[in-house]
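Residues per chain, in single letters:
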Amino acid sequence: MIQEQTAEYEIGIVIIPDISGFTDFVINTNMFIGKYITENLLKSIINSNNLNLEVSEIEGDAILFYKYRKIPSFDDTINQIEIMYDNFKKEVAKLSFQLGIEIPLSLKIIVHYGTFTKYKIGRFEKLYGAPVVEAHKMLKNHIAKFPPYALFSDAFLKANFEQPAKSTFEYDNCENCMYLPEIGYIHYL
């Protein structure tokens, strides 16, 4: 029998930093070295969390961050992404030097917005809702040609700007940016 629980559906932001090149890296790297590198790269991303985002889960090579209510502005989100990416890049360089190997990994970051909730099974909490599924689908896009990049959904842009295609002067003139209606901005880092 299904028991009805009081669900808290809230509007929020979902941010997923995902390590690109991870599958090949795992297959072609010694397990202990690969684990060490992965742990340190994921820690560098988590420690870069200046927006006080909640961590829903770590999914192998990705971290599912979210935040309800006080949604960060577009500029604050860009700053957060740049900090995550810069710290990731520094950690890759440090580990490459320390271990004397090339680490062919990069970062892509998805930013989405919408109404979602959580459910709990034992000690595990999971996010549930269309924006969570859509954010994961955005990771599998064939639109962005190469990482590193950040992809901002149109839903997130509409939450920040009345006219997302004219979001900011900087991004209107950005050579490394592309706006696609109904999808959003791709910003190559």
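All figures in this text were calculated on a predicted structure; none of them were measured in a lab.

In this section: the overall build of the protein. Helix and strand content of the protein: 6 helices and 8 strands. Counting every atom, the protein has about 11200 Å² of accessible surface; 54% of that belongs to carbon and sulfur.

Let's shift gears to helix α2 (residues 31-46). The first and last C-alpha atoms of α2 sit 22 Å apart over 16 residues, in line with the 22 Å expected at 1.5 Å per residue. Taken together, the buried positions of α2 are Gly-34, Ile-37, Thr-38, Asn-40, Leu-41, Leu-42, Ser-44 and Ile-45. Residues of α2 that are buried sit in contact with β1 (10-20), α1 (22-28), β2 (54-58), β3 (63-68), α3 (74-99) and β4 (106-121). Where α2 starts, the residue carrying a side-chain oxygen 2.8 Å from the main-chain nitrogen of Phe-32 turns out to be Asn-30.

As a further point, take the side chain of Thr-38. Mapped onto the elements of the fold, Thr-38 is located in helix α2. Setting aside residues no more than four positions away along its own chain, Thr-38 makes contact with Phe-22, Phe-25 and Gly-60.

With that out of the way, let us pick up the packing of aromatic side chains. What the rule picks out here adds up to 7 aromatic pairs. Relative to Phe-25, the ring of Phe-22 has its centre 6.5 Å away and its plane inclined at 35°; by these criteria the two rings are tilted. With Phe-22 and Phe-25 both in helix α1 and 3 residues apart, the pair spans about one turn of that helix. Take Phe-22 and Phe-25: they sit in the same class, and that class is buried.

This next bit is on the nonpolar core. Counting 33 residues, the largest nonpolar core has Ile-19, Leu-41, Phe-88, Leu-105, Ile-109, Val-111 and Phe-152 as the members making the most contacts within it. Listed by contribution, the elements that provide at least two residues to this core are β1, α1, α2, β3, α3, β4, β6 (149-153) and α5 (154-160). The dominant element in this core, judged by the number of residues it contributes, is α3, at 8 residues. Non-local contacts of Phe-88, meaning those with residues more than four positions away in its chain, are made with Ile-19, Leu-41, Ser-44, Ile-45, Leu-105, Ser-106 and Leu-107. Ranked by size, the runner-up nonpolar core spans 17 residues in total, among them Tyr-66, Leu-127, Ala-135 and Leu-151.

By the element assignment, Val-26 lies in helix α1. Val-26 sits 12 residues away from Thr-38 along the chain, and the two C-alpha atoms are 9.3 Å apart.

Reading the values: rules and limits
- Residues numbered from 1 in each chain as written.
- Predicted model: local features only at pLDDT ≥ 70, side-chain atom pairs only at ≥ 80, totals over all residues.
- Heavy atoms only, no water.
- Helix = DSSP H or I, 4+ residues; strand = E, 2+ residues; numbered from the N terminus.
- Areas by Shrake-Rupley, 256 points an atom, 1.4 Å probe, with all protein chains shown as cover.
- Expected span 1.5 Å × (residues − 1).
- Buried < 20%, exposed > 50% of the residue type's maximum accessible area, 1.4 Å probe, protein only.
- Contact = heavy atoms within 4.5 Å.
- Polar contact = N/O pair within 3.5 Å; in protein donor to acceptor, adjacent residues only side chain to side chain.
- Phe/Tyr/Trp six-rings, centres within 6.5 Å; stacked < 30°, edge-to-face > 60°.
- Core = buried A, V, L, I, M, F, W, Y, C linked by side-chain atoms within 4.5 Å.

This is a description of form; function is not addressed.
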